[in-house]
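# Structural overview for review
So the chains spell out like this:
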Amino acid sequence: MSHRDFLAMVGNASEKIRELVENGNSFMVFCHIDADGLSSGSISSVMLLRMNARFITRSVKNIDEVIESIPNLQKDIVILLTDIGSGYIRILREKFADRKFVILDHHQPDGESEKHWVHVNPHLCGIDGAKEISSSGIAYLVAKSLSEENISLSPVAIVGALGDLQDKSSGKRELDGLNKLIVEDAVRSGLLKVSDDLLFYGRSYRPIHLALASTTSPYIPGISGSEAHAVSFLNSIQIRLKEDDRWRVFAELSEDEKKTIYNGLMKYLSSLNFPPSIVNELVGKVYELTREEEWTPLKDAREYASLLNACGKTENEWIGIAIAMGSRGEILLQAQKILEEYKRRLSEVLEYLIRRENWQELKYIIAIDGGTMIEERMVSSASSILSSSDLLPEDKPLIMLATKGDRVKASARASMKLVKRGLNLGIVMKKAAERVGGVGGGHNVAAGAEIPLAKKTMFLAEVDSIVGEVLAS
Ligand code: C5P
């Protein structure tokens, strides 16, 4: 099984989608609410729009929302699921075997789909969907196979992959595998520029101290989220913030100045007893969208992903989808405000978490129970940032919880080292959640679950014991 098999699967799927459109079918598109979900939903929507198909697009937080909606849809509507669905094939087959489904997803499938469904998933071809391609990439390849015009959507596919942190799997902060094919499409068509640099947010338009303070991936304790601390750090290492009356931006610093910042951050982190290796996460490929305005967050694909994520996690999904489909102007200004507010809140949450007040070290896992202190919408981003900033032990996965009403949202993250030892968090979360009457799933490195509040302690015990079984074997 190989890339070639996967591309053949993509080709077959696009032919079937073409047939469905030509036969006059309407589509109901459901996409997940994170950056990859909104990107893949937008790519699927533009693809259908360009085929003059009739469709409605809706974002969903979880599979339950999909399951509840389907009975209200007319029988002949095609249900296109993207960035959600593969992990819940069993339940979809049990309930809706006779419906028409198109599933474009990179989550680990929990079984075979119905023969008459279209199911595109890299895992079915032995390709790891956590690292090689995201749902946006899958939707993009299907769209491109339908029409070369859809190469214009390649930057959005890259945004989706970066939103799912697929640049972190190789240890180099660079997209690899099938994602690389998409990067090549975007570069070849003049839509993307790739360079090597330090990955500060707003590197081409934000004053240096603001770029440093707004970088949260990796999280630099004391500096991420704090303009004042970023200024005093930069002053302490003699980086000039202004040129005459104008603020300097990161992109104009000399190589020596960048090295001074890099080394200065290492020293700073050591002095606070944090691992200096955190700064390694700052080095990598910069993906710049050439057609976007210099001073917007859409210029840098990672920042674009943060913007979509912020929209998705604050119930402003439609703004994210509109942007990924091409809207700018007033909508973009609204999205920028949402991003700033989301980042401010996230920094507060991270500052609280870093104090380790509610960390619990169980035998095989680190559990952080945010209760109602951490909003449900922050858990996924906070757990991703903590786990990718070298702030956790490498030999225990992180499970972060937040309570909303009588439900608990859980986000789990594992190091590549644990994955190599056989840990698959998607399976762990699915099993543990099902044992307590919830739902769970995802990838080997990152997974999630929703469970009843009353079963929280039992759920953590289940996760600890399943992780223990895997790691002991
Ligand atoms: O919500 P969170 O970001 O922690 O989830 C990590 C991954 O697990 C995501 O890709 C998400 O789609 C997936 N997930 C899932 N089923 C759930 C919860 C999360 O497949 N019930």
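Residues numbered from 1 in each chain as written. Predicted model: local features only at pLDDT ≥ 70, side-chain atom pairs only at ≥ 80, totals over all residues. Heavy atoms only, no water.

## Brief notes about the domain arrangement of the protein
Domain assignment breaks the protein into domain 1 (3-187), domain 2 (197-352) and domain 3 (355-472). For domain 2 versus domain 3, the separation of C-alpha centres amounts to 27 Å. Each side of the interface is counted separately: domain 2 has 20 residues, and domain 3 has 18 residues. The junction of domain 2 with domain 3 conceals about 1,700 Å² of combined surface from both sides, 58% of it contributed by carbon and sulfur atoms. Among the residues domain 2 hides against domain 3, the three largest losses belong to Lys313, Arg345 and Tyr352. Together they make up 38% of the total. Taken together, the links from domain 2 to domain 3 amount to one salt bridge. Notably, a salt bridge pairs Arg345 with Glu375, separated by 2.6 Å at the nearest N-O pair. Applying the counting rule to domain 2 against domain 3 returns six residue pairs in polar contact (both at pLDDT 80 or more). Ranked by residues supplied to the side of domain 2 that touches domain 3, first place goes to helix H13 (residues 330-354) with seven residues. Its residues assigned to classes, the side of domain 2 that touches domain 3 shows eleven nonpolar, five polar and four charged. (Domains from an automatic or database assignment. Contact = heavy atoms within 4.5 Å. Buried area = accessible area lost by both parts, 1.4 Å probe. Salt bridge = Lys/Arg side-chain N within 4 Å of Asp/Glu carboxyl O. Polar contact = N/O pair within 3.5 Å; in protein donor to acceptor, adjacent residues only side chain to side chain. Helix = DSSP H or I, 4+ residues; strand = E, 2+ residues; numbered from the N terminus. Nonpolar A, V, L, I, M, F, W, Y, C, P; charged D, E, K, R; others polar.)

## Here's the deal with the sheet that holds strand S3 (residues 78-82)
Taking strand neighbours across the sheet as the criterion, the five strands line up as S2-S1-S3-S4-S5 in an open arrangement whose pairing is parallel. In the strand order of this sheet, the two ends are held by strand S2 (54-60) and strand S5 (118-120), each with one partner. Mean inter-strand twist for the sheet, computed between neighbouring axes without regard to direction, equals 15°. Of the strand pairs in this sheet, strand S1 (residues 26-32) and S3 are connected by five bridges, and their pairing is parallel. (Pairing = 2+ DSSP bridges. Axes fitted to C-alpha atoms, helices over the stretch in contact; angles between N-to-C directions.)

## Concerning the pattern of salt bridges
Applying the stated rule across the entire model yields 41 salt bridges. Between Glu243 and Arg248 there is a salt bridge, and its shortest N-O distance comes to 3.9 Å. When its relative accessible area of 31% is taken as the criterion, Glu243 is described as partly exposed. When its relative accessible area of 4% is taken as the criterion, Arg248 is described as buried. A salt bridge links Glu257 to Arg248, with the shortest nitrogen-to-oxygen separation between them at 3.0 Å. Through salt bridges with shared partners, one network takes in Lys193, Asp197, Arg203, Glu255, Lys258 and Glu288. (Buried < 20%, exposed > 50% of the residue type's maximum accessible area, 1.4 Å probe, protein only.)

## Comments concerning the side chain of Ser26
By secondary structure assignment, the location of Ser26 is in strand S1. Non-local contacts of Ser26, meaning those with residues more than four positions away in its chain, are made with Arg54, Ile77 and Val78.

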